[in-house]
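Letter by letter, the chains look like this.
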Amino acid sequence: AACEICGTNNWMSVYQGAIRDGTYGSYRKHSSIGQCKGCGVERLEEDACPSKSFYETEEYRTKLKAGIDTQSYILEHDHWQFHTLRTIWPSSLRNLKIADIGAAGGSLLDCLKGIASKSIAIEPNDLYRKELKKRGYEVYSYAKDAQNWQAKIDFAFSIQVIEHVNDPVRFLAEIKTLLSPEGKLVVSTPNRNDILFSLLPGIFPSFFYRTAHRWYFNETTLGSCAKKAGFKIDETRFIHRYGMSN
């Protein structure tokens, strides 16, 4: 199949074997990761990828053996927001219009409450959308649904989401329509060039690759994807998150 990012239909296998399937310790034994010879991005074989609806229901969080309700999500994720906010230091979000693409339980938006002038949540999971609305956020299922916010958002975040989506270029392009002329987007994703691939080649790949992640980016391939969606790359930062998460 043609690469959804660059259109090249030429892949080489870079990994064959077990990959994580849900929480750490659960594996899909026989999986394949291919690398596109056109743009260099890596992709999980389609047969192992979940459907779009996987993220619209409770199934994803259940498979991770993580809390499904909003309070559980917040308890699990509040401490990670420190790392997200490190990515924008020393910028200020005071009085800006912000959007979180893949807001889930709203932990990041809660951290910025009282600082941003307006907070928009983009979240496909109906359970989280209902709770986000109760907490006063303006909520949409996908960026393309937020028509009344086109060209108005000053700062958007998409934290560890792009690796899940079917079409990364379209995903970023739809976010771009929400940004003001000077608007910025922070995108984070696991780094395919993690040093642990070199230090622990026998065990790290089966931990890093997982059924929930269709795409595997490094600095170059993520930048190429963003440029195809119409973005200019201002900066790339590598943020190490201490500890282990799902």
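Reading guide: rules and limits
Residues numbered from 1 in each chain as written. Predicted model: local features only at pLDDT ≥ 70, side-chain atom pairs only at ≥ 80, totals over all residues. Heavy atoms only, no water. Helix = DSSP H or I, 4+ residues; strand = E, 2+ residues; numbered from the N terminus. Rg over C-alpha atoms; globule rule 2.2 N^0.38 Å. Buried < 20%, exposed > 50% of the residue type's maximum accessible area, 1.4 Å probe, protein only. Contact = heavy atoms within 4.5 Å. Areas by Shrake-Rupley, 256 points an atom, 1.4 Å probe, with all protein chains shown as cover. Lys, Arg positive; Asp, Glu negative; His and termini not counted. Charge placed at Lys NZ, Arg CZ, Asp CG, Glu CD. Arc of directions from axis to C-beta. Polar contact = N/O pair within 3.5 Å; in protein donor to acceptor, adjacent residues only side chain to side chain. Pairing = 2+ DSSP bridges. Axes fitted to C-alpha atoms, helices over the stretch in contact; angles between N-to-C directions. Salt bridge = Lys/Arg side-chain N within 4 Å of Asp/Glu carboxyl O. Core = buried A, V, L, I, M, F, W, Y, C linked by side-chain atoms within 4.5 Å.

Further remarks concern the overall build of the chain. Scanning the chain from terminus to terminus reveals 9 helices and 9 strands. For 246 residues, the compact-globule formula gives about 18 Å, and the C-alpha radius of gyration of the chain, at 18 Å, lands near that figure. Per-residue burial for the chain yields a buried fraction of 46% across its 246 residues. Taking the contacts inside the chain whose residues are at least 6 apart along the sequence as the reference set, 63% of them involve residues at least 24 apart. Summing over all exposed atoms, the chain offers an accessible surface of approximately 12,600 Å²; the carbon and sulfur share of this is 51%. The centroid of the 32 positive side-chain charges in the chain is displaced by 2 Å from the centroid of its 28 negative side-chain charges.

Turning next to helix α5 (residues 126–134). Every buried residue of α5 is accounted for by Tyr128, Arg129 and Leu132. Here the buried residues of α5 occupy an arc of 105 degrees about the axis, which is enough to place them on one side. In α5, the exposed positions angled more than 90 degrees off the buried face are occupied by Lys130, Lys133 and Lys134. Where α5 starts, the residue carrying a side-chain oxygen 2.9 Å from the main-chain nitrogen of Leu127 turns out to be Asn125.

The sheet built from 5 strands is open, its strands ordered β6-β5-β4-β7-β8 with parallel pairing. The open sheet has two free edges, formed respectively by β6 (138–140) and β8 (179–188), since each of these has just one partner strand. Each strand axis lies, on average, 20 degrees off the axis of its neighbour in the sheet, ignoring direction. Summarising the sheet, strand β7 (residues 153–159) and β8 pair through 6 bridges and their orientation is parallel. Looking across to β8, one finds that Ile159 is bridged to Ser188.

Before going further, it helps to spend a moment on the pattern of salt bridges. With the rule as written, the count across this model stands at 13 salt bridges. Salt-bridge contacts for Asp110 lead to Arg135; the nearest nitrogen and oxygen are separated by 3.1 Å. Taken together, the residues Asp110 in helix α4 (residues 107–111) and Arg135 in the loop between α5 and β6 connect sequence positions 25 residues apart. One network of salt bridges, in which partners are shared, links Glu4, Arg43, Glu46 and Arg214.

If you look at the biggest cluster of nonpolar residues, it comprises 32 residues, and the most contacted ones within it are Ile5 and Leu172. A total of 4 residues in this core trace back to one element, the largest contributor, which is helix α6 (residues 168–176). For Ile5, the residues in contact, after removing those within four places along its chain, are Cys39, Val41, Pro168, Val169, Trp215, Phe217, Cys225 and Lys228.

These results come straight from atomic positions and should not be treated as a statement about function.
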